[in-house]
Amino acid sequence: MARVLVVGGGIAGTAAALALRKAGQEVAVYEAHPDSAEDIGAFLTLASNGLRALAQIDASDAATSIGFPLTSMRVVDATGAESAHVPLGEAGDPLLRYRCLRRGELNAALQAEAVRRGVEIVHGARLASVEQAPDGGADGPGAPGAVTAHFADGGTATGDLLLGADGLNSTVRRLTAPAAQPCYAGQRVFYGYTADAPVSDVDETGCITMIRGSTAAFGHMTSPEGETYWFARVSADEPLTADEIAHAGPGHWRDLLVPLLRADPTAAAGIVAATKAPVLVTNATEMPNGAPWRSGRTLLIGDAAHAASPATGQGASMALEDAVILAKCLRDAPDLGSALALHEALRRPRVEHNTTVSGNISRGVHTSRTRPSGGPPPSRPGDDELIGQLEWSTSLG
Ligand SMILES: Cc1cc2nc3c(=O)[nH]c(=O)nc-3n(C[C@H](O)[C@H](O)[C@H](O)COP(=O)(O)OP(=O)(O)OC[C@H]3O[C@@H](n4cnc5c(N)ncnc54)[C@H](O)[C@@H]3O)c2cc1C
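Residues numbered from 1 in each chain as written. Predicted model: local features only at pLDDT ≥ 70, side-chain atom pairs only at ≥ 80, totals over all residues. Heavy atoms only, no water.

## A few points about the environment of Asp 332
Looking at where Asp 332 falls in the secondary structure, it is placed in helix α10 (residues 315-332). In the structure, Asp 332 is positioned 18 residues away from Gln 314 in sequence and 27 Å away in space, judged by C-alpha atoms. Excluding residues that lie within four positions of it along the chain, Asp 332 makes contacts with Thr 394, Ser 395, Leu 396 and Gly 397. In this structure the side chain of Asp 332 is engaged in a polar contact, spanning 2.7 Å, whose partner is the backbone nitrogen of Leu 396. (Helix = DSSP H or I, 4+ residues; strand = E, 2+ residues; numbered from the N terminus. Contact = heavy atoms within 4.5 Å. Polar contact = N/O pair within 3.5 Å; in protein donor to acceptor, adjacent residues only side chain to side chain.)

In structure tokens, the structure reads:
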């Protein structure tokens, strides 16, 4: 049994803790924030592949108890005409159908489940540095080394493996692979909620509408309670600066978006105009493919390793896949070094394919493999191969 230190209690870190616990490892999570719901504002869609990963660690309830299901996708062009209306993912299976939920709520539900299963989650523990024993690495059976996390409050923790699940601006990555930097993927992303969208602009519950507008890619869906969740991805050569994001007044982004969206006779402008709560904004950002994930006894997972632009809507689902496959690798491989190598060999092609597809959509680069509207998951490895990798009862050794 290995002792695993998980830095970051977001979706990747908490799911990894659940999976590692199920695989019989000793695990503790160290989260910088003092509580579990620091970004309750953002929402995301979990795709069938992410929900399949959750099911393998018996944590479906964490997702199905919150948010609402999505069973179909309507695609609308810039004239407002419908070009497609298709089932979404594994719509027939209540555990695997797409779900729209708030990221903070998913985090809180996963953390509550981890605590219920006896996982230690230490809040307010911000990683400051990592120290590795002189043997340096995880390679070789029985290597005696250890890794120690030092936290900003002076605390320390020592284990056999340290997982950097600390997101896009990962401290673990900065310490272990300082040359690997996230980069702008060509779009500014806005999102918001309104209960006052014009009735004519609201689709039936369970349907996500993707509008391929002339000035923005726009998505909207409405909860059973009548709240419309929407996002807009707008191409721009430069990212917004931290100052612009921090100092925009209330209503600033809405007032900027509405005239832009009015260029097309679609539902988008009316939905945004009806949004009274502040509109949230972020830059689409990705990790370049090929960035290192492993350094001795540290491994990056989730956004820390492979953040992708949000166009395919796969970041959280990929993080959940990482969690299950890593835990299986540690369970099945003969030693730590080969487990980490196997994890990377299985995960890198799939997540980098997603990063490429998503980045191409965000940058407006259309190839035969990209989908201008975003949507269902990238196709490598084949669904059957992925299902086999995720299936808890099969061996990866
Ligand atoms: C606008 C937008 C829309 C998106 N839409 C979707 C979508 O529809 N579907 C989807 O699947 N994904 C979506 N994503 C991506 C998804 O949110 C991420 O891929 C996912 O949350 C990654 O989880 P993570 O655990 O790797 O990172 P995070 O959720 O960022 O978690 C990292 C955690 O580490 C903690 N941390 C950071 N530094 C330290 C430190 N030094 N010490 C200790 N703890 C630390 C943080 O507090 C945080 O809790 C979207 C992302 C964006 C930006």
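## Quick word on the site of the ligand
Residues in contact with the ligand amount to 31 residues; listed here are only the nearest, Ala 12, Glu 31, Thr 45, Asp 303 and Ala 316. Measuring from an oxygen atom of the ligand, one finds a side-chain N or O atom of Glu 31 at 2.6 Å. Within the backbone of Thr 45, an N or O atom sits 2.8 Å from a nitrogen atom of the ligand. In isolation the ligand exposes 1,000 Å². Once the protein is present, 86% of that is buried. Where the shell around the ligand is concerned, the elements lending two or more residues are α1 (11-22), β2 (26-31), β3 (43-46), β13 (183-194) and α10. For the shell around the ligand, the residue count by class is 13 nonpolar, 12 polar and 6 charged. (Near = heavy atom within 4 Å. Areas by Shrake-Rupley, 256 points an atom, 1.4 Å probe, with all protein chains shown as cover. Nonpolar A, V, L, I, M, F, W, Y, C, P; charged D, E, K, R; others polar.)

## Some thoughts on the sheet that holds strand β18 (residues 294-295)
The pairing of strands in a sheet happens through backbone hydrogen bonds and is either parallel or antiparallel. Reading across from one edge, β8-β2-β1-β12-β19-β18 is the order of the 6 strands in this open sheet, with mixed pairing throughout. Among the strands making up the open sheet, the edge pair consists of β8 (120-123) and β18. Two strands pair when backbone bridges link them, and strand β1 (residues 3-7) and β2 are joined in this way by 5 bridges, in the parallel orientation. Residue pairing in the sheet places Val 7 in a bridge with Tyr 30 of β2. (Pairing = 2+ DSSP bridges.)

## Observations regarding the pattern of salt bridges
Applying the stated criterion across every chain yields a total of 18 salt bridges. For Arg 116, the salt bridge is made with Glu 113, and the minimal N-O distance between the two is 2.8 Å. Of this pair, Arg 116 and Glu 113 both sit in helix α4 (residues 103-116), separated by 3 residues, roughly a single helical turn. Of the residues examined, Arg 116 reaches a relative accessible area of 63% and is grouped as exposed. (Salt bridge = Lys/Arg side-chain N within 4 Å of Asp/Glu carboxyl O. Buried < 20%, exposed > 50% of the residue type's maximum accessible area, 1.4 Å probe, protein only.)

## A look at the packing of helix α2 (residues 48-56) against α10
Relative orientation of the contacting elements α2 and α10 amounts to 30°, with a least axis distance of 8 Å. Along this stretch, α2 crosses α10, giving a crossing that reads as left-handed. Within the contact between the two elements, α2 uses Asn 49, Gly 50, Ala 53, Leu 54 and Gln 56 and α10 uses Ser 317, Met 318, Leu 320, Glu 321 and Val 324. Each residue belonging to the contact of α2 with α10 can be placed in one class, and the counts come to 5 nonpolar, 4 polar and 1 charged. (Axes fitted to C-alpha atoms, helices over the stretch in contact; angles between N-to-C directions. Left-handed = near helix turned anticlockwise from the far one by under 90°.)

## A closer look at α4
Between its terminal C-alpha atoms α4 stretches 20 Å, which fits the 20 Å expected from 14 residues at 1.5 Å a residue. By the burial criterion, the buried members of α4 are Gly 104, Leu 106, Asn 107, Ala 109, Leu 110, Gln 111, Glu 113 and Ala 114. Buried residues along α4 sit in contact with α1, β3, α2, α3 (60-64), β7 (99-102) and β8. Looking one or two residues past α4, Gly 118 carries a phi angle of roughly 90°, positive in sign. (Expected span 1.5 Å × (residues − 1).)

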